[in-house]
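Given next are the chains, with one letter for each unit.
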Amino acid sequence: MRTPAATALLAAALAACGGGAAAPGGAPPRFGPAEQVPAPVSTAGWEDSGFISPDGTRLYFTYLRMDPVVFLTEARIRLAGPLRPGWPTLAPYDTIGAELYRSDLVDGAWTEPVHLDTTINLPEEQEGDEWVSADGQRILFTNGGAGGPRGAYGIYYAEQLNGMWQPAVLASSVGFPFVSGDENPHLTLDEQTLFFESSRPGGQGLQNLWMSTRVQGQWSAPVPLPATVNTPGVEGSPFSLDGTALYFDDKGSGRGILYSRRTAAGWTRARVVVAGAVGDPSLTLSGDLYFIGGGAVPGGFDANIFVAHPR
C-alpha cells in the first residue's frame, strides 16, 4: 500500500521530473549541458549502468577495469581502470570482472566508491543493469555470468535483512514476470509498475521495452510498449519514477536518450532528450538526469557517468 510519504515523493516526481504537466506543445523535458561526475567516481576504467537514488545522494554503478569495446571488436584486453576497493583478486576475474559499486554525496562531494557487497558481487559473475529501491533495501540486477555460482544468466533479486544483503535469487522465483534473455529491470518509485527490455516474441524488433503492473500483489502478464516507443531496432534501459514519464536509450546506436509520456490516448511518440552514444538514464526527484557517456581515448574507449540538470 502506498504510504503518505511515498505519495508525497510521487507528487514531487510529477512536478520536477517531467511526470506532471507536459511541456508546451507536447515537447519533452529540456536539460542543460552534460557534466561528467568527477573522481573518485569517474576513472580511466568503465563506469557503466549508473543508477541515482531519488533523493540524489546515492549513486550505484557497474565498474569494469577492462575496456569491453576493445575486447568485443578487437579480441584483445585493454586494462585501464584502477583496482577499486573490493575488486576480485583471483585471475581471470581480476581482469574480466564487472562489479557493482556505490558512492554517496556528502557535503557536495562524491565519496570513494565502495564495493556493494560480496553477497551481491560474486567474483565469478558479472553484475550490472541495477535498480535499487528508494530506501536502499531491495535490488534487481542483471547477472551476466555463465557457469558461475549462480548458474544462470538472468535478472536477480535480493533484499537486506538487519542491514545485511541476503543471497540473490532469480527474480522469477519470487514472482517477477521475467524469462531468459530479459534485461535492465526498473521499478517505479512506488514499486507497482515494472519496465524492462526483452527480445521475447511480440515486440516490434530486436530488443524492446515491456511493462507489467502489480495487481493485488501479483505481476500482470508483460506487454510490449507500442510503436510510438518500440521500433524494429533496439530500445533498452527504461526508467520511470511515476509510470507516466518514461526515459530509455537505444543501446548506444546514436539516437541517444529518449522520452515518452503516457497519456489518456496512449504513449506519445518518443523524442530525444540527450543525443549521441549515451544511455542508462536515471533521474532524481529534482529532475537531474544521470546517464552513461564516453568516447575514444588513446588505444580504446572510456565510459563515465554524466549528469544534466533540468532547464
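Scoring rules and cut-offs
Residues numbered from 1 in each chain as written. Predicted model: local features only at pLDDT ≥ 70, side-chain atom pairs only at ≥ 80, totals over all residues. Heavy atoms only, no water. pLDDT = per-residue confidence, 0-100. Contact = heavy atoms within 4.5 Å. Salt bridge = Lys/Arg side-chain N within 4 Å of Asp/Glu carboxyl O. Helix = DSSP H or I, 4+ residues; strand = E, 2+ residues; numbered from the N terminus. Buried < 20%, exposed > 50% of the residue type's maximum accessible area, 1.4 Å probe, protein only. 1 Å grid on protein atoms, 1.4 Å probe; cavity = no way out; pocket = protein on both sides within 12 Å on 5 of 7 lines; lining within 4 Å. Points joined across faces, edges and corners; volume = space filled by probe spheres on them. Nonpolar A, V, L, I, M, F, W, Y, C, P; charged D, E, K, R; others polar.

1. A look at the confidence of the model for the protein chain
On average, residues of the protein chain score 90 in pLDDT, and 90% of them are at 70 or above. Below a pLDDT of 50 lies the segment residues 1-22, which in the model reaches 40 contacts outside its immediate sequence neighbourhood of four places, other chains included.

2. What about the pattern of salt bridges?
A full pass over the atoms with the stated rule returns 11 salt bridges. Glu127 is the partner of Arg150 in a salt bridge, and the nearest nitrogen-oxygen pair spans 3.1 Å. Here Arg150, found in the loop between β8 (138-143) and β9 (154-161), pairs with Glu127, found in strand β7 (residues 127-132); they are 23 residues apart in sequence, far enough to count as distant. Looking at Arg150, the relative accessible area reads 14%, which means it is buried. Within this structure, Glu47, Arg84 and Glu112 form a network of salt bridges that share partners.

3. Things to note about the layout of surface pockets
Its volume calculated, the largest pocket comes out at about 1100 Å³. Lining the largest pocket are 39 residues, with Trp46, Asp48, Leu64, Pro68 and Leu72 sitting closest to its centre. Breaking the lining of the largest pocket down by element, the ones donating at least two residues are β2 (46-52), β3 (58-64), α2 (68-74), β7, β12 (183-187), β22 (279-283), β23 (289-297) and β24 (300-308).

4. Things to note about unusual backbone geometry
Cis peptide bonds are those with omega within 30 degrees of zero, and the linkage from Ala39 to Pro40 qualifies with 10°. The linkage connecting Ala91 with the following residue, Pro92, adopts the cis geometry, with an omega of 0°. Counting through the fold element by element, Pro92 comes out in the loop between α2 and α3 (93-96). The backbone of Asp107 shows a phi angle near 55°, a positive value even though the residue is not glycine. Secondary-structure assignment places Asp107 in the loop between β4 (99-106) and β5 (109-110). Owing to a relative accessible area of 82%, Asp107 belongs among the exposed residues under this scheme.

5. Points about empty space enclosed by the protein
By the definition in use, this model includes 3 cavities of 30 Å³ or more. Looking at the largest cavity, its volume works out to about 90 Å³. Together, 14 residues line the largest cavity, and Phe51, Pro54, Trp131, Leu187 and Leu189 are the ones closest to its centre. Secondary-structure elements contributing two or more residues to the lining of the largest cavity are β2 and β7. When the residues that make up the lining of the largest cavity are grouped by side-chain class, the tally is 11 nonpolar, 3 polar and no charged. One number sums up the size of the second largest cavity: a volume of about 60 Å³. If you trace the second largest cavity, you find it lined by Ser49, Gly50, Asp129, Glu130, Asn184, His186, Ser237, Asp280 and Pro281. When residues of the lining of the second largest cavity are traced back to their parent elements, those giving at least two are β2, β7, β12 and β22. Within the lining of the second largest cavity, the residues separate by chemical class into 1 nonpolar, 5 polar and 3 charged.

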